[in-house]
Amino acid sequence: MLLEVRDLHVEFHTREGVAKAVNGVNYSVAEGETLAVLGESGSGKSVTAQAIMGILDMPPGKIAGGEILFKDQDLLKLKPEERRRIRGQEMAMIFQDALSSLNPVLTVGQQLGEMFVVHRGMSRKDARTKAVELMDRVRIPAAKERVGQYPHQFSGGMRQRIMIAMAMALEPSLIIADEPTTALDVTVQAQVMELLAELQRELNTGLILITHDLGVVADVADKIAVMYAGRIVETAPVHDIYKAPAHPYTKGLLQSIPRLDQKGRELYAIKGLPPNLTRIPPGCAFNPRCPMARDVCRSDVPPLYEVDERRRSACHFWKETLDAR
Amino acid sequence: MHADRDESAGTGGAAGSTLLSKARQDAVTPYTEGDPILQVRDLAKHYPLTQGILFKRQIGAVRAVDGVDFDLYAGETLGIVGESGCGKSTVAKMLVHLERPTAGAIRYKGEDIAKLSGRALKAVRRNIQMVFQDPYTSLNPRMTVGDIIGEPYEIHPEVAPKGSRRQKVQDLLDVVGLNPEYINRYPHQFSGGQRQRIGIARGLALNPEIIVADEPVSALDVSVQAQVVNLLDRLQAEFSLSFVFIAHDLSIVRHISDRVGVMYLGRIVEIGSDAEIYDHPTHPYTQALLSAVPVPDPTARDHRERIILHGDVPSPANIPSGCRFRTRCWKARERCELEVPLLAVPAEFRLVDTPARHDSACHFAEEKRVVPPEGELEVPGPAERGSTEREPGEQPGGTVREPGDKPGSAGPGPGQQGSAGGEA
Ligand SMILES: Nc1ncnc2c1ncn2[C@@H]1O[C@H](COP(=O)(O)OP(=O)(O)OP(=O)(O)O)[C@@H](O)[C@H]1O
Ligand SMILES: Nc1ncnc2c1ncn2[C@@H]1O[C@H](COP(=O)(O)OP(=O)(O)O)[C@@H](O)[C@H]1O
Ligand code: SF4
Ligand code: SF4
Ligand SMILES: [Mg+2]
Ligand SMILES: [Mg+2]
């Protein structure tokens, strides 16, 4: 396994108390595989990613437990410089907002080239040639002329492609893309996702794709991890989950989206709101919103039950959920 | 908002297309039941582009909206979809009189709003209300919910005399599913979905006939989005509202709309019933847009055709001649550069009885189904699919590189949706 997150806990110490943003996350990605992490805003997707990358705000953040195994070594036990090397060369991250993650006062060419200067010891001149190559690679038209332009001179879709170029530059074995297309239009999203998938295939990169879009997940993922209130509530191969979810939250999500191929009927709506993370309900965190909740759900935290060899569900009644299609 | 004198006087595309106007666009007839409640004709909004600081010279215009035509019937929902910057919000603002059109007409029950003033205008404005996109910024953080929802009564006191306002506001809170006791709270005390309900309650305050909703659920999470969409559905039936529902999410638009207009670079390029547009699109842009929407079904990825559009949308300050979509259209020919295609039923479909018979602004309109028919997606299990496909159990199958496997070449694997827009 390329990356394995085991029982990760992250807390934020805030004035209102301790926000348990991540409460026992377990997921894994193999080389060349795409794991989609699905969940609504605030469910802990980005915090988990930041913990993996080692870019968590500490304090107020604090890793309260767990392991992050990358190529069989626990990243949380590494020395800072070793961690930095891995972050620079072996993993890369793509953020939702390309404009704010690119440096506005440096040209795109300088930023792309910098990677080769710092990590590969190239000369500025060679690095610039490399930058043009990369821009070509991600299909920025007239790359040679545009290599000297600043981020704001590119469209949103192009900026995101430049971010992809940057992430891919040193051929990392793991890429984490945090909502890479959420700010983009569908036609541009399609261009960007196609490019990402193509490069991933070529380099056999493991990809963690964070999103709340069930359509994007269905399109590109090999497997899914669904998050709710800082936990993985279900993880399964992509086909299984869409065919028959084994957790009521996943099921609710799938039922609540309008479809392109159907005229509307009333949408199923999960009632209520996600919990405040400083006051997560006892038992199953989903119980106040769950149509199947019973007494045991209000007292006992469901473990991640093994549904089958490749599938887990954190629901006491996963079997009923699975059967009641 | 722009002062009137800043506006470029109806130059370019919109004026040009007036010449080519259709029969529909004839003189005002008195409003009768069954007529459209709103008729929009050749509507345009051009923002001047100026240069110089002291002496501003106009060097061009941003043609944000450039000749939009549509009808809205009583009790129906017209969806308007299109990519960012295509002019949706600008249309919305003109409908509710927040922006003054550069050219064209908005007729409410047959009367051109631009020609109204004083009480007549006020009455029309009361009847067309707006719900805004962003529940986080569209509500004044220093006003209580009661003041926000009741604010329209300051301008239209005849709707609710002072003494009855509190009760009215509480009724509205109840209608949108919020606790009436929240009347004295402030916006930051509510979640995104609740704030959007507040915006909707405010839109309903004056008992309008028409609600223009600009991306009312785009900022919301999936589960909350469903709650608000259902609310809008219910309110429409309850108050027999007509809706103009603007969004970039094509699935939501289909869900909520009776008819749908597709906008590109300031114009509607195709308009029809939801089935006509989604199941029988004839305009290449609509087809590309629909094919780009990821559907929430992993079995679709292998047998769905993707039209990937190349390049970016041109700037509205520099709209291509002829067909404005031609710079990205895989079917573009010489004629597309020379002649502006009209929004009308294409000649080849005019005499046949088919769902393809609806308005589409393309010289070479052709029906092409890009959304798999309802139900089809659920069916095929992995075993029934083609032999080239990866079994779901295989790990991590699709990413293994074949020796001669060029990037983008057909083959199984995640994200293998790359049927390029080059072929038609
Ligand atoms: N006041 C203004 N001055 C100049 N240009 C403007 C102005 N308002 C809008 N525009 C331009 O007009 C075009 C249409 O803008 P509009 O806000 O209507 O787009 P939209 O379809 O609502 O996009 P989105 O989906 O991003 O909300 C854009 O190119 C925009 O930059
Ligand atoms: N720097 C921070 N300080 C305090 N709380 C934070 C910080 N970063 C994230 N959080 C909280 O952690 C929770 C999970 O956030 P995040 O992982 O960003 O969610 P998402 O699933 O939307 O990516 C949220 O409640 C968020 O407010
Ligand atoms: S454990 Fe209980 S409350 Fe939680 S999802 Fe399962 S049935 Fe619902
Ligand atoms: S008119 Fe020509 S360029 Fe425009 S959409 Fe039709 S085929 Fe394409
Ligand atoms: Mg996030
Ligand atoms: Mg807008």
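Per an unreviewed UniProt entry, chain B goes by the name Peptide ABC transporter ATP-binding protein and belongs to Streptomyces griseus subsp. griseus. Recorded under Sequence similarities (unreviewed entry), the UniProt text for chain B is reproduced unchanged: "Belongs to the ABC transporter superfamily."

Going by what an unreviewed UniProt entry lists, chain A is known as Peptide ABC transporter ATP-binding protein and is assigned to Streptomyces griseus subsp. griseus. In the Subcellular location (unreviewed entry) part of its UniProt record, chain A is described as follows: "Cell membrane". In UniProt, chain A has this text filed under Sequence similarities (unreviewed entry): "Belongs to the ABC transporter superfamily."

Draft legend 1. Fine view of the domain arrangement of chain B. All names here are of chain B. Domain annotation for chain B reports domain 1 (14–52 + 59–257) and domain 2 (285–385). Taken together, the contact pairs twelve residues of domain 1 with 14 residues of domain 2. Taken over both partners, the interface formed by domain 1 and domain 2 buries close to 1200 Å², and the fraction arising from carbon and sulfur atoms is 60%. For the interface between domain 1 and domain 2, the tally reads two salt bridges. With a shortest N-O distance of 2.9 Å, Asp66 and Arg324 are connected by a salt bridge. Across the contact surface, domain 1 and domain 2 share three residue pairs in polar contact (both at pLDDT 80 or more). For the side of domain 1 that touches domain 2, the elements supplying multiple residues, two or more each, are β2 (57–73) and α9 (250–256). Partitioned by chemical class, the residues of the side of domain 1 that touches domain 2 number five nonpolar, one polar and six charged.

Draft legend 2. Inspection of the environment of Met130 of chain B at higher detail. Residue and element names in this part refer to chain B. When you line up the elements, Met130 lands in strand β6 (residues 128–131). Given the relative accessible area of 10%, Met130 is considered buried. Along the sequence, Met130 and Ala213 sit 83 residues apart, while their C-alpha atoms lie 5.6 Å from each other. Excluding residues that lie within four positions of it along the chain, Met130 makes contacts with Ala92, Val96, Gly203, Val212 and Asp214.

Draft legend 3. Representation of the site of ligand 1. Residue and element names in this part refer to chain B. Surveying the vicinity of ligand 1 reveals 14 residues, the closest of which are Ser84, Gly85, Lys88, Ser89 and Thr90. Contact between ligand 1 and Ser84: an oxygen atom at 2.6 Å from a side-chain N or O atom of the residue. For ligand 1, an oxygen atom lies 3.2 Å from a polar atom in the backbone of Cys86. The dominant element in the shell around ligand 1, judged by the number of residues it contributes, is helix α2 (residues 88–95), at three residues. Of the residues belonging to the shell around ligand 1, the class tally is five nonpolar, six polar and three charged.

Draft legend 4. Spatial organisation of the UniProt feature "domain: ABC transporter" (unreviewed entry) in chain A. Per the UniProt annotation, the sites labelled "domain: ABC transporter" (unreviewed entry) are residues 3–254 of chain A. End C-alpha atoms of residues 3–254 of chain A are separated by 27 Å, and the span's content is 42% helix alongside 28% strand.

Draft legend 5. Looking closely at unusual backbone geometry. Residues and elements named next belong to chain A. Residue Met58 is joined to Pro59 through a cis peptide bond whose omega torsion reads -15°. Residue placement: Pro59 occurs in the loop between α1 (45–53) and β4 (61–70). With omega at 10°, the peptide bond leading from Pro59 into Pro60 counts as cis. For Pro60, the position within the fold is in the loop between α1 and β4. In this structure, Arg139 is a non-glycine residue whose phi angle is positive, near 60°. The topology assignment puts Arg139 in the loop between α5 (124–137) and α6 (143–146). On the basis of relative accessible area, Arg139 is assigned to the partly exposed category, the value being 35%.

Draft legend 6. Region of interest: the nonpolar core. Among the nonpolar cores identified, the biggest contains 78 residues, and Val176, Ile200, Leu204 and Leu250 of chain B are the most heavily contacted of them. When residues in this core are grouped by element, the largest group, seven residues, is from helix α8 (residues 222–238) of chain B. In terms of domain composition, this core takes at least three residues from each of domain 1 (14–52 + 59–257) and domain 2 (285–385) of chain B. Leaving out residues up to four positions away in the same chain, Leu250 of chain B has contacts with Val186 and Leu260 of chain A together with Val81, Tyr278, Leu289, Leu290 and Val293 of chain B. Residues Leu2, Val22, Val226 and Ala236 of chain A belong to the second largest nonpolar core, which totals 59 residues.

How each quantity is defined
- Residues numbered from 1 in each chain as written.
- Chains lettered and ligands numbered in written order.
- Predicted model: local features only at pLDDT ≥ 70, side-chain atom pairs only at ≥ 80, totals over all residues.
- Heavy atoms only, no water.
- UniProt positions renumbered as here; feature names shortened; annotations may be inferred.
- Domains from an automatic or database assignment.
- Contact = heavy atoms within 4.5 Å.
- Buried area = accessible area lost by both parts, 1.4 Å probe.
- Salt bridge = Lys/Arg side-chain N within 4 Å of Asp/Glu carboxyl O.
- Polar contact = N/O pair within 3.5 Å; in protein donor to acceptor, adjacent residues only side chain to side chain.
- Helix = DSSP H or I, 4+ residues; strand = E, 2+ residues; numbered from the N terminus.
- Nonpolar A, V, L, I, M, F, W, Y, C, P; charged D, E, K, R; others polar.
- Buried < 20%, exposed > 50% of the residue type's maximum accessible area, 1.4 Å probe, protein only.
- Near = heavy atom within 4 Å.
- Core = buried A, V, L, I, M, F, W, Y, C linked by side-chain atoms within 4.5 Å.

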